[in-house]
Amino acid sequence: MGLVKVNRIAGSARLALNNHLGWQPILTPISLGELRLGKRYEFRFSYNLMPRKNVTLKDIAEAAGVTPGTVSFVVTNTYQKRRISEKTVERIRRIAREMGYLPNVAARNLRYADKNKGLLVLSLITSAGAPLNLVSHMFEALQREIAADPARRQFMISLATFKPGELSNLPGLMDGSLFNGAIFTNTLPEDDAFLERTVLPFPSLVIGREIPGYSCFVPSVNAGKTAASMLAESGCKNPVVIYEQQLTQATERRVTQFCQQFEESLNLSPVRIIADRSSEAAARDALDRYLLGGGGLDGVFAVHDNLAAGCYLTLRRYGLKIPERVKVVGMGDSEWPEFLDPPLSCAGAEESAVYDQAARMILTACTHRDATPESAYTYARITRRGSA
C-alpha cells in the first residue's frame, strides 16, 4: 500500500512511485474526477519485477505536458534559441531527474561527429586496476602531440576501463560509436586473443604487447634481462622477483627474462613471489608472507614501481637495510622512484620518451587511415640510484 496526498491535478491519473531498489511499482489507475485537492488517498499496488525501462524524451514530454522537441532542446541546453520559458525549463529538468533520465551518449556522439567532420575521438582503453601513473603519462603525451599538430585538427581524449579479461564486453568497441581511435594497454591474454581474432572499425595501438594485425609499441623490451644483470653485478646470490597474480604479456616477459638470465649466467633460480594485485599493499603483504615463512633474499626485482614501494615497507619492518642487506630494482614506470628512501634503481626506459612515441604512432594512424600496422620497440635504460 501507499499513501499519496493530492496537491495538484494534472496529466495522467496513473500514478507511479520509484523506490530505492530501482523497481517500478504499478498503481491502480483511478479517474481524475475522483481526486480531491488536499485529500490523502490510499492505493494498493504490486511491484513489476522487471528493471525500469530507459526513460525517453517522449516519456518526459508526456509527464511535463510538452512536446518531445521541447524536451530535446532543454536536455541539450539549446532551449535559449527557442525562447522556452525558464519556468518550463525548470519543470522539464525536475521531471527528467525524478524519472532517472540519462542521455544516449552514443547517439549524441554520432550527431556531434557529423557536425564536426574533422573531430577525432581517441580513447585510452585500460583494464580496471591499472596503475594510474600509466594513464596520466599517456594523457600528457597525447596532449603534447596534439598541441604540436601543425594541422590544428580537433581531438577529444576519453578514458575507458574494462574488467580484466573481458575487453570484448566494452560498449562501443565493435561498432565504433564512442570513439574513432584507441590505445589498448594492461590487457590479459584473453583480451589479447580477442583482439587478434577481431577486426576493429578504427585505428588502434597496443602498448606493451605484440598482437598480429595491430600497431604495437613495446617499451623496455629487455627490462627483465637488464634487471637481472644489475642485481647479478651487485653480487646477489638469492634473488626474488615479485609480480601481480594476473600477468599481462609485458609483465610475463619481464618475469621470464629475469629468471632465465639468472639461470643461464649464474645457474640460480630466482624465487617468484606473487602479489594478489598490482598495489603497494599487496606487494608488502606478499613479501611479508614470504619472509614469515623463512624465505631469504638479497635482491628484489619488482615488475612495477608500486610493487617496489610495497617491498620497501616490509624490508624496513624486518630491519633489512637497502641496499646493504637487500638490493632492489624497479621498472621506472612511475615518476617517483627518486623520491623513495633510498632512491629506487630502475631497469626501464624513460617514461616521457616512451609515451610521446606511442602518442605519435596513434595520431599518425588516425590521420593516415591507409597506413599499415607498424611495431616499435625501446630498450631498457638503466638508471642507477641508491637501491642497487
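Anything mentioned here points back to the structure above.
Summarised in this report is the structure supplied together with it. Not measured: the values here are computed from a predicted model.

Thresholds, definitions, all that
- Throughout this description, residue numbers start from 1 for each chain and increase along the sequence as written.
- Selection of residues for local features in this predicted model requires a pLDDT of at least 70, selection of side-chain atom pairs for listing and counting requires 80 or more, and totals for whole chains, interfaces and linings are taken over all residues.
- Computation of side-chain values: all heavy atoms of the structure, hydrogens and water removed.
- Helix and strand definitions here come from DSSP, where helices need a minimum of 4 consecutive H or I residues and strands a minimum of 2 consecutive E residues; each element is numbered from the N-terminal end.
- For each residue, the accessible area found with a 1.4 Å probe, counting protein chains only, is set against the maximum for its type, and the residue is called buried under 20%, exposed over 50%, and partly exposed in between.
- Every residue pair with non-hydrogen atoms within 4.5 Å of one another is taken to be in contact.
- Residue-level accessible areas treat just the shown protein chains as cover; the underlying method is Shrake-Rupley with a 1.4 Å probe.
- Two strands pair under a simple rule: DSSP has to find at least two bridges between them.
- Here an axis means a line fitted to C-alpha atoms, over the contact stretch when the element is a helix, while the angle between two N-to-C directions is reported on a 0 to 180 degree scale.
- Centre distance within 6.5 Å is the pairing criterion for rings of Phe, Tyr and Trp, where only the six-membered ring of Trp is used; planes under 30 degrees apart are then read as stacked, over 60 as edge-to-face, and the remainder as tilted.
- Think of it like this: strands point away, you trace from the first strand over the helix to the second, and a clockwise trace means the crossover is right-handed.
- Think of the arc as the fan of directions from the helix axis to the C-beta atoms.
- To qualify as a nonpolar core, a set must consist of buried Ala, Val, Leu, Ile, Met, Phe, Trp, Tyr and Cys residues joined through side-chain atoms within 4.5 Å.
- Each angle is binned into one of four classes, with values under 35 degrees roughly parallel, values over 145 roughly antiparallel, values of 65 to 115 roughly perpendicular, and all other values oblique.
- Polar here means any residue outside two lists: the nonpolar Ala, Val, Leu, Ile, Met, Phe, Trp, Tyr, Cys and Pro, and the charged Asp, Glu, Lys and Arg; Gly therefore counts as polar.
- By definition, a salt bridge exists where a carboxyl oxygen of Asp or Glu is found within 4 Å of a side-chain nitrogen of Lys or Arg.

### Here we look at the overall build of the protein
Scanning the protein from terminus to terminus reveals 11 helices and 16 strands. Looking at the 388 residues of the protein, the share that counts as buried comes to 46%. Considering only intrachain contacts with a sequence separation of at least 6, the fraction spanning at least 24 residues in the protein is 70%. When the accessible surface of the protein is totalled, it reaches about 20,700 Å², and 51% of it is carbon and sulfur.

### What about the sheet that holds strand β15 (residues 375–377)?
Picture the strands of a sheet paired through backbone hydrogen bonds; they go either parallel or antiparallel. Taken together, the 6 strands give an open sheet; going across it, the order is β6-β5-β7-β8-β9-β15, and neighbouring strands pair in parallel fashion. Two strands close off the open sheet at either side, each with one partner strand: β6 (155–162) and β15. Each strand of the sheet is rotated relative to its neighbour by a mean of 15°, with strand direction disregarded. Both strand β9 (residues 215–218) and β15 contribute to a ladder of 3 bridges, which runs parallel.

### Notes on the packing of aromatic side chains
With the rule as written, the count across this model stands at 3 aromatic pairs. Aromatic ring contacts, followed pair by pair, group Phe 258, Phe 262 and Phe 301 into a single cluster.

### Focus: the pairing of strand β11 (residues 271–275)
Examined bridge by bridge, strand β10 (residues 239–244) and β11 share 5 bridges and lie parallel to one another. Following the sheet pairing, Ile 242 is matched in β11 by Ile 273. Taken together, β10, helix α8 (residues 249–266) and β11 constitute a β-α-β crossover, and its handedness is right-handed.

### Digging into helix α2 (residues 68–75)
Among the residues of α2, those classed as buried are Thr 70, Val 71 and Val 74. Relative to the axis of α2, the buried residues are bounded by an arc of 100° and lie together on one face.

### Observations regarding the nonpolar core
The nonpolar side chains of a soluble globular protein tend to be buried, and buried together. In this structure, Ile 242, Phe 258, Leu 297, Phe 301 and Val 328 are the most contacted members of the largest nonpolar core, which totals 44 residues. Contacts of Leu 297, omitting those with residues within four sequence positions, involve Asn 238, Val 240, Leu 287, Leu 291, Leu 315, Leu 320, Arg 325 and Val 326. With 23 residues, the next largest nonpolar core counts Val 135, Ile 183, Val 354 and Ala 359 among its residues.

### Considering the sheet that holds strand β16 (residues 382–383)
Reading across the sheet, the 6 strands line up as β11-β10-β12-β13-β14-β16 and stay open at both edges, with mixed pairing between neighbours. Two strands lie at the open edges of the sheet, namely β11 and β16, each paired on one side alone. In this structure, strand β13 (residues 327–330) lies alongside strand β14 (residues 345–347), joined through 2 bridges in parallel fashion. Within β14, the position partnered with Val 329 by the bridge is Ser 345. Against the sheet, helix α9 (residues 280–292) contacts β10 and β11, and its axis sits at roughly 135° relative to β11.

### Looking at the environment of Gly 296
Tracing the backbone shows Gly 296 in the loop between α9 and β12 (299–302). Accessibility expressed as a relative area gives 28% for Gly 296, which makes it partly exposed. Residues Gly 296 and Val 271 lie 25 residues apart in sequence; the distance between their C-alpha atoms is 9.4 Å. Residues in contact with Gly 296, not counting those within four places in the same chain, are Asn 238, Val 240 and Tyr 290.

### Examining unusual backbone geometry
Looking along the chain, the bond that leaves Ile 322 and enters Pro 323 is cis, with omega of 5°. Topologically, Pro 323 is positioned in the loop between α10 (305–317) and β13. The omega torsion of the bond from Asp 341 to Pro 342 falls at 0°, within 30 degrees of zero and hence cis. With respect to the element layout, Pro 342 can be found in the loop between β13 and β14. Here Asn 186, not a glycine, exhibits a phi torsion of approximately 55°, which is positive. Accessibility expressed as a relative area gives 13% for Asn 186, which makes it buried. The backbone of Asn 267 shows a phi angle near 55°, a positive value even though the residue is not glycine. Residue placement: Asn 267 occurs in the loop between α8 and β11. Under the relative-accessibility criterion, Asn 267 is labelled exposed at 68%.

### Structural notes on the packing of α2 against helix α3 (residues 86–99)
Axis separation between α2 and α3 bottoms out at 10 Å; the angle between their running directions is 85°. Taken as axis vectors, α2 and α3 run roughly perpendicular relative to one another. Taking contact as the criterion, the partners of Thr 70, Val 71 and Val 74 in α2 are, on α3, Val 89, Ile 92 and Arg 93. Residue composition of the contact of α2 with α3, grouped by class: 4 nonpolar, 1 polar and 1 charged.

### Some points on the pattern of salt bridges
Where side chains of opposite charge bring their charged atoms close, a pairing between them can arise. Following the criterion strictly, the structure yields 10 salt bridges and no others. The residue Glu 166 makes a salt bridge to Lys 163 at a minimum N-O spacing of 3.8 Å. Look at Lys 163 and you get exposed, because its relative accessible area is 54%. In this structure, the salt-bridge partner of Asp 285 is Arg 284, at a minimum N-O distance of 3.0 Å. For Asp 285, a relative accessible area of 32% gives the class partly exposed. According to the relative accessible area criterion, Arg 284 is partly exposed, its value standing at 33%.

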